[in-house]
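Architecture and fold: a report
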Amino acid sequence: MPGGRFSRESLEASAITALEAAFGPGKWLEGRAGSALYLNRDLIAEKKLDPAEVQRVLASGLEAVPPTWRAYTRRQLLEGRVPPDPWSRRVLVSFHRGRSGDVELLFEPYWMSSSSGTTHGTPFSYDTHIPLILMGPGVRAGRYDGSVVLNDLAPTLATILGVETPSGSSGRALSEALAP
């Protein structure tokens, strides 16, 4: 399968080149975390630029560099303007207004920026598949191939135990696997 490792520094250099070509020199990137890049908001304010436009230029510059597959701007995510597909949905639901970056990146499948080992956090099935095994009283024996998300575990266990589902829970009880 295609894939490999790439240098995060070379990706950031391309981002800076795109930003400097559009807006002039400066320390444009404040930092990064995982697949997110954070812009220098003080510099954007100092140059009296529209943050959404700077985000757009950054995203566009990054999408032109392999192995970037998609780049989502903060504005896009805040407004929910993403393609209607499972990958975009996963990025959207993991976005946090107060902590997420100004541009969130998705790389082509099987590409990673670490020089050794592995990474996690891609929205592709090879990185999101989690085996779930339930056993014991209240569980119907069998194999269930339906779609399940990690958030389904708390409501399922609450149902088995006969207690209230946690208030912050966003999953569903896996009723197909529960004994009558």
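Reading guide: rules and limits
Residues numbered from 1 in each chain as written. Predicted model: local features only at pLDDT ≥ 70, side-chain atom pairs only at ≥ 80, totals over all residues. Heavy atoms only, no water. Pairing = 2+ DSSP bridges. Helix = DSSP H or I, 4+ residues; strand = E, 2+ residues; numbered from the N terminus. Axes fitted to C-alpha atoms, helices over the stretch in contact; angles between N-to-C directions. Contact = heavy atoms within 4.5 Å. Core = buried A, V, L, I, M, F, W, Y, C linked by side-chain atoms within 4.5 Å. Buried < 20%, exposed > 50% of the residue type's maximum accessible area, 1.4 Å probe, protein only. Lys, Arg positive; Asp, Glu negative; His and termini not counted. Salt bridge = Lys/Arg side-chain N within 4 Å of Asp/Glu carboxyl O.

A separate point is the sheet that holds strand β4 (residues 68–73). The strand order across the open sheet built from 4 strands is β2-β3-β5-β4, with neighbouring strands paired in antiparallel fashion. Each end of this open sheet is capped by a strand with a single partner; those strands are β2 (29–33) and β4. When strand polarity is set aside, the average angle formed by the axes of neighbouring strands in this sheet is 20°. The pairing of β4 with strand β5 (residues 103–107) spans 5 bridges and is classified as antiparallel. The partner of R70 across the bridge, within β5, is L106. Most of the contacts of helix α3 (residues 51–63) go to β4, to which it runs at about 175°, and overall it touches β2, β3 (36–39), β4 and β5. Strands in contact with helix α5 (residues 86–94) are β4 and β5; relative to β4, the strand with the most contacts, it is inclined by about 45°.

This brings us to the nonpolar core. Formed by 21 residues in total, the largest nonpolar core has its most connected members in L19, L58, L62 and L105. Taken together, the elements giving at least two residues each to this core come down to α1 (8–23), β3, α2 (41–46), α3 and β5. No other element matches the 5 residues that α3 contributes to this core. When neighbours within four sequence positions are excluded, L105 is seen to be in contact with R8, L11, S35, L37, L62, T68, R70 and A71. With 6 residues, the next largest nonpolar core counts Y72, V91, F95 and L106 among its residues.

Before going further, it helps to examine the side chain of R8. Here R8 lies in helix α1. We note that R8 is buried and unpaired, the nearest opposite charge coming from E12 at a distance of 5.3 Å. Look past the residues within four positions of R8 in its chain and what remains in contact with it is R32, G34, S35, L105, F107 and S113.

Bringing the side chain of R70 into the picture now. By the element assignment, R70 lies in strand β4. The exposure class of R70 is buried, given its relative accessible area of 18%. When sequence neighbours within four positions are dropped, the list of residues in contact with R70 reads E63, P83, D85, W87, S88, E104, L105 and L106.

Moving on, we come to the pairing of β5. Burial analysis of β5 places 5 of its 5 residues in the buried class, the great majority of the element. Alignment of β3 against β5, held across 2 bridges, turns out to be antiparallel. Looking at the pairing, A36 lines up with E104 of β5.

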